[in-house]
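# Summary of structural features
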Amino acid sequence: MTVYFSSAVFLLSLFLSPLIRGVINRVKAWFGGRKGPSLLQPYYDLFRLLKKGSVYSKTTTWIFKAAPLINLGAAVTALLFLPSFGLPSIINFEGDLVLFVYLLASGRFFMILSALDTGSSFEGMGASRETFYSALTEPALLFALAGLSAFTGSLSLSGIYSMISKSAYSAEIIPALVFIVFSLLIIFLAENSRIPVDDPQTHLELTMIHEVMILDNSGPDLAIIEYTGSLKLWIFGILLTSLFPVFPGIPQYLAIIYYLLLLFLFSSFIGVIESVMARLKMIQIPRLLVIASAFSALWFIWIVR
Amino acid sequence: MFIHIMTALLILTNFYMLGSSRLSPIITAVSAQAVILAAVTVISTDLSFVSPEFYLIAASLVIKSVVLPVMLKKALVRTGIRREITPVIGYSLSLLTGVLLFLVSVKGIKMLPFPEGVFNMTVSASVFTFFTGLFLIVGRVKAITQTIGYLSMENGIYLFGTLSAGGSSAIVELGILLDLFVGVFIMGIVILKIKREFDHIDTDELAVLRD
Amino acid sequence: MMWILLILPLTGGVFSLITASDFLRRILLQLVSVFYLVAVIMIWKYFPHSPAPEDLLGIDPLSLLFLFITALLFLPVAFYTAGYLSHGDSMGKKNRAFSREAVFTALLQIFLSTMTLSIISRHPGVFWIAIEATTLASAPLISFHRSAYSLEASWKYLLICSVGIALALTGNIFLSVSASFVPSLGSLPHTFEVLFSEGDLLQPVWLKGAFIFIIIGYGTKMGLVPMHTWLPDAHSQAPSPVSALLSGALLNCAMLGILRFHNLMKAAGLFEFSSSLLTVFGVFSVILAGWFIVNQNDYKRLLAYSSIEHVGIMSIAAGSSVYNSYPLVIHAFNHSLTKGLLFLAAGNILSFYKTKNVKEVGGVLGNIPFTGVMWTGGFLAICGFPPSGIFISEFSIIKGLINGGGWLTLSLLLVSLSVIFIGMARAVTDMSFGTPASKSAEPFKGRFYSSFPLVFLFVIIVVSGFWIPAPVGSLFKAAAFVIGG
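Quick caveat, the model's predicted, so the values are computed rather than measured.

With that out of the way, let us pick up the overall build of chain B. Helices and strands together make up the secondary structure of chain B, namely seven helices and zero strands. Taking 2.2 N^0.38 as the reference for a compact globule, 211 residues should give roughly 17 Å; the C-alpha atoms of chain B span a radius of gyration of 17 Å, in line with that estimate. Overall, chain B is about 50 × 35 × 35 Å in size when its C-alpha atoms are taken along their principal axes. Within the span of chain B, comprising 211 residues, buried residues form 49% of the whole. Restricting to contacts in chain B with at least 6 residues of sequence separation, those with at least 24 account for 76%.

The structure is reproduced here in structure tokens:
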């Protein structure tokens, strides 16, 4: 029975993920005093891109064409391991959290390769930045997940989150959880290229990080990349919001509604952050990421008694 | 539950103070510390609303979280300083030192034989607050930042005292509060005088007197 | 009765702040100093000094001795200040309430009041409040001239001492935690005496921690190396009468706190721990003071380092004084008055030569013979020449070290003392002898104010070297008894 629920949630995730971007953009528009695009605008954009044809530079090789698909495949596979809405994931085994992190990393690896493949200096610069910042974000993410697994005694994502949804941890560690939440928030912003780390709407190549890597992609390729971006927003959003469990014993469909509402509330919060903050100077970003690593490593202090 | 969240917030204010270069938010953080302190004191000791201790907590809340920060912010405006530009120890390194200091305070607390029923992690957070203040005094050059560090130190000591020794008698606490108030007041006056005389308040340049 | 010691300087201070007449203000300062000394002697003679254990404030023989020292020092300082103020030309507007001079005189008396509070407090918390209050009252006194140097000194003093005293507050908390393990202390106020009576039940780990924080905290205020860095700056930049008070009276107050804690450690059976800490800090202070005295070209800094040396000696004395504290109290008495004399004489020299550099001062004995004699005499006394009182106390301390077998401490102390003697002798002979300069200004307009305070202190120092009056002698003994034999 649970497997059916999980599969349904998996499909729901695939379908609903672009909505997060819609919510964020809507909130940002409200803050800017505009009405803003429709919530479904990301879907329209995807369809518009899918209808177009692709243009490939002569210098590119098969990597350039394959990278978006590999990236998408990695993200979808990662989603298979992600326990959402208080349900276990479709596939889970002890230690799957390491696989989960590296699936996301391998997707990025191919995106970086494809950016280098174009031979453009701008994209090379973007790839270099992406490598640098993700090298700083990855330890933070691993530390955070390791902390959660240390508190719950489980090495699989499903195990961790099922323990958390049952509140099966001592009250002593709540401060440590607060830090993990903070660091996951920074990781969310960094991994998804949001303000204050990166501005998804900037049009100046020199200041871009993620967007500059995909300057050469067009048509369906770009649509796939955009969709994968939405999936990653969804995945990191779920990782964070699932740390605030609904009280146990509630019917499953109510729990799903609760988590969905929480996720969209969180998306609005991200919109607020993006509206009130300015993008950091490039030189200050490592400091932010160091803070994330430090915060996500702080749980260690609670364990070593 | 509540006390644990307060602990986390206290630790967060400390990291904020370590990692921020702008002075106005640091002052806000130190006043937030005072609010957290008062909250923890109220819930960790069962007080009635008519006891002198309760008024004492209220008084220290007002002084530490409103009066002194407002004074410091005025000093900030009058000296025309907004941020710490050349700290002795850089901000990323400060943050890492902060993690180290936190580790030291947690491990240090574990070596001490505490009386029954003391919240270990909250005591560690108070020691960490103390260290943060000390670090700001050593690692920053603006006289105002050092004053803020002094305030943070006092906050840490106060919380440590309330949690581990149940506070002192009311008259002693009142005297300590008065000293703190007058102390920061006089520091403010001296800072303004220094600003007038030297046209800066960088204490690393106050190094004429030496052997 | 003891309240009068707090209220007298406080009301004097408030009155000198609000009165418009400079003349009245100066007369008042002198009256307060005289009445303060009279009040101390009255309390000594007519009131019992055995306070109840639960009292937060009270006068025991040890406090009485320190009050006596403070009163003896404040009297000449007050007279000197009166002359100093009438002579000074940078005092701002004349005959105004709240003028700079008014603030100065007021703070001087409030400073006396806070020092009194610290001396008569019998509770660690009250003592802490008083010591922090002395810092706050005296910091503006240091920067009175508003020169760049004095502001720097004032800021260092304020910040370093405040931080140090905050550490001492941590020490107080450790002490309370240590006491919370003793059920019988329950609702009693934790005064030194109450804690002392239950000393062996106090939790030792916390007590040791408390002592470490206390010796670092109050040691900062007392000028122990390596927490001394503010001291040479503050003592050399402050106006001379303020330097005299800082060196002669304030260091004693801070030391009183350490001594009372040391006593508590003895009651808890931890005196080896506290003694060795005191000795180590003391030895370092003496050695470092020697190092800096030899290469010193600023005679006020020279005196400041000499103060560091003497707190070091007193700290060694406290560390080796498990059975005999008599040399310690006698040394405190003599050092305070001698250092007061030297700083006041240095003030005269400064106002004549307008420089603090040893090399630019020559022929003091020829130019200002009276001050020159006092200066040279004070120097001989501070270096422990017989028949000065310091000779007696240093001799007894050394004898105590020989009896106790502290050979390493003893040899380090003796070597440093000889180095210090050489360094100071070089500076003082350079200044006292040599060709008289041709400047012809008198130190102050009123000769009385520049000479009487010096004579007053000089006579006490010389006399106490030969003969200690019986009541004073018994006070020394009683005070030494309070801190253990």
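It is worth spelling out the overall build of chain A at this point. Assigned secondary structure in chain A consists of eleven helices and zero strands. Its helices and strands in sequence order give chain A the pattern α-α-α-α-α-α-α-α-α-α-α, from N to C terminus. Seen through its principal axes, chain A has C-alpha atoms that stretch 55 × 45 × 40 Å. Buried positions account for 46% of the 305 residues belonging to chain A. Sequence-distant contacts in chain A: of pairs separated by 6 or more residues, those separated by 24 or more amount to 79%.

A few words on the interface of chain A and chain B. At the interface, twelve residues of chain A touch 16 residues of chain B. Put simply, the parts of the chain that give the side of chain A that touches chain B at least two residues each are α7 (174-191) and α10 (285-297) of chain A. The residue inventory of the side of chain A that touches chain B, partitioned by class, reads ten nonpolar, no polar and two charged.

Listed per partner, the contact involves 34 residues of chain B and 35 residues of chain C. For the side of chain B that touches chain C, the secondary-structure elements that each account for two or more residues are α6 (143-165) and α7 (170-198) of chain B. The leading source of residues in the side of chain B that touches chain C is α7 of chain B, at 13 residues. Of the residues contributing to the side of chain B that touches chain C, the split by class is 21 nonpolar, eight polar and five charged.

A few words on the packing of helix α5 (residues 121-152) of chain A against helix α6 (residues 157-165) of chain A. In a packed pair of helices, the relevant descriptors are the angle between the two axes and the axis-to-axis distance. Residue and element names in this part refer to chain A. Packing of α5 against α6 brings their axes to within 9 Å, and their N-to-C directions diverge by 60°. Comparing their axes, α6 and α5 come out oblique. In the crossing of α5 with α6, the sense of the turn from one axis to the other is left-handed. Listed contacts from α6 to Leu148, Ser149 and Thr152 of α5 are Gly159, Ile160, Met163 and Ile164. Per-class residue counts for the contact of α5 with α6 are four nonpolar, three polar and no charged.

For the rest of this paragraph, the subject is the arrangement of the chains. Inter-chain contacts occur across two pairs of chains; the most extensive set of contacts lies between chains B and C. Chain A shows no contact with chain C. Their nearest C-alpha atoms sit 20 Å apart.

Moving on, we get to the nonpolar core. Core analysis: the largest hydrophobic core is formed by 321 residues, its most contacted members being Ala78, Ile187 and Leu298 of chain A together with Leu65, Val329 and Leu341 of chain C. Setting aside its immediate chain neighbours within four residues, Ile187 of chain A contacts Thr137, Ala140, Leu141, Ala144, Phe236 and Ala292 of chain A.

What follows is about the packing of helix α8 (residues 204-222) of chain C against helix α11 (residues 271-294) of chain C. Residue and element names in this part refer to chain C. In the contact formed by α8 and α11, the axes pass within 11 Å of each other and the chain directions differ by 25°. If you check the angle between α8 and α11, you find them roughly parallel. Between α8 and α11 the crossing geometry is right-handed. On the side of α8, the interface is formed by Lys208, Phe211, Ile215 and Gly219, while α11 contributes Phe273, Ser274, Leu277, Leu278 and Phe281.

With that out of the way, let us pick up the environment of Asp221 of chain A. Residue and element names in this part refer to chain A. Its location among the elements puts Asp221 in helix α8 (residues 219-241). On the basis of neighbour count, Asp221 is assigned to the buried category, with 22 C-beta atoms found within 10 Å. Sequence-distant contacts of Asp221, that is, excluding residues within four places in its chain, are made with Ser54 and Pro68.

So, on to α8 of chain A. The end-to-end C-alpha distance of α8 of chain A, which contains 23 residues, comes to 33 Å, matching closely the 33 Å that a straight helix rising 1.5 Å per residue would cover. Counted residue by residue, α8 of chain A has 19 buried out of 23 residues, so it is predominantly covered.

As a further point, take α5 of chain A. Helix length check: α5 of chain A (32 residues) gives 46 Å between terminal C-alpha atoms against 46 Å at 1.5 Å per residue, within 8%. Once α5 of chain A finishes, Gly153 of chain A follows within two positions and takes phi at roughly 70°, a positive value.

A few words on the environment of Ile89 of chain B. Residue and element names in this part refer to chain B. If you trace the backbone, Ile89 turns up in the loop between α3 (52-79) and α4 (91-110). Separated by 46 residues in sequence, Ile89 and Phe135 place their C-alpha atoms 9.4 Å apart. Sequence-distant contacts of Ile89, that is, excluding residues within four places in its chain, are made with Ser94, Thr97 and Gly139.

Quick look at unusual backbone geometry now. Of note, the amide linkage connecting Ile195 of chain A to Pro196 of chain A takes the cis form, showing an omega dihedral of 10°. In this chain, Val225 of chain C is followed by Pro226 of chain C through a cis amide linkage whose omega measures 5°. Of note, Asp199 of chain B is a non-glycine position whose phi angle comes to about 65°, a positive value. When the 8 C-beta atoms within 10 Å are taken as the criterion, Asp199 of chain B is described as exposed. Positive phi, close to 60°, is recorded for Lys354 of chain C, a residue that is not glycine.

Further remarks concern the confidence of the model for chain B. All names here are of chain B. Counting all residues, the mean pLDDT for chain B is 89, and 98% of those residues have values of 70 or more. α4 is the least confidently modelled element of chain B, averaging 88 in pLDDT, while helix α5 (residues 120-139) averages 93, the highest of any element. Listed scores for the predicted complex are pTM 0.89 and ipTM 0.94.

The rules behind each value
- Residue positions are given per chain, counted from 1 along the sequence in the order it is written.
- Just so you know, chain letters begin at A and ligand numbers begin at 1, following the order they were written in.
- Given that the model is predicted, a residue must reach a pLDDT of at least 70 before its local features are reported, and side-chain atom pairs must reach 80 or more before they are shown or counted; all residues, however, enter totals for whole chains, interfaces and linings.
- Numbering of helices and strands runs from the N terminus; a helix is a DSSP stretch of H or I covering at least four residues, while a strand is a stretch of E covering at least two.
- This radius of gyration counts C-alpha atoms alone. The globule rule is 2.2 Å times how many residues there are, raised to the power 0.38.
- Three exposure classes are used, all based on how many other C-beta atoms lie within 10 Å of a residue's own C-beta (placed from the backbone): buried at 20 or more, exposed at 12 or fewer, and partly exposed between those limits.
- Contacts are defined on C-beta atoms placed from the backbone: any two residues whose C-beta positions lie within 7 Å are in contact.
- Note that Gly is not counted as nonpolar here; it falls among the polar residues with everything else outside the nonpolar set of Ala, Val, Leu, Ile, Met, Phe, Trp, Tyr, Cys and Pro and the charged set of Asp, Glu, Lys and Arg.
- For every element, the axis is a line fit to its C-alpha atoms; helices are fit only across the contacting stretch, and the angle between N-to-C directions ranges from 0 to 180 degrees.
- Here is the rule for angles: anything less than 35 degrees is roughly parallel, anything more than 145 is roughly antiparallel, 65 through 115 is roughly perpendicular, and the remaining ranges are oblique.
- By the definition used in this description, the sense in which the near helix is turned from the far one sets the handedness, with an anticlockwise turn below a right angle giving left-handed and a clockwise turn giving right-handed.
- Among buried residues, those of type Ala, Val, Leu, Ile, Met, Phe, Trp, Tyr and Cys that are joined through C-beta atoms within 7 Å form a set called a nonpolar core.
- Expected helix span is computed as 1.5 Å times (number of residues minus one).
- Confidence scores here are pLDDT values: one per residue, from the predictor, ranging 0 to 100.

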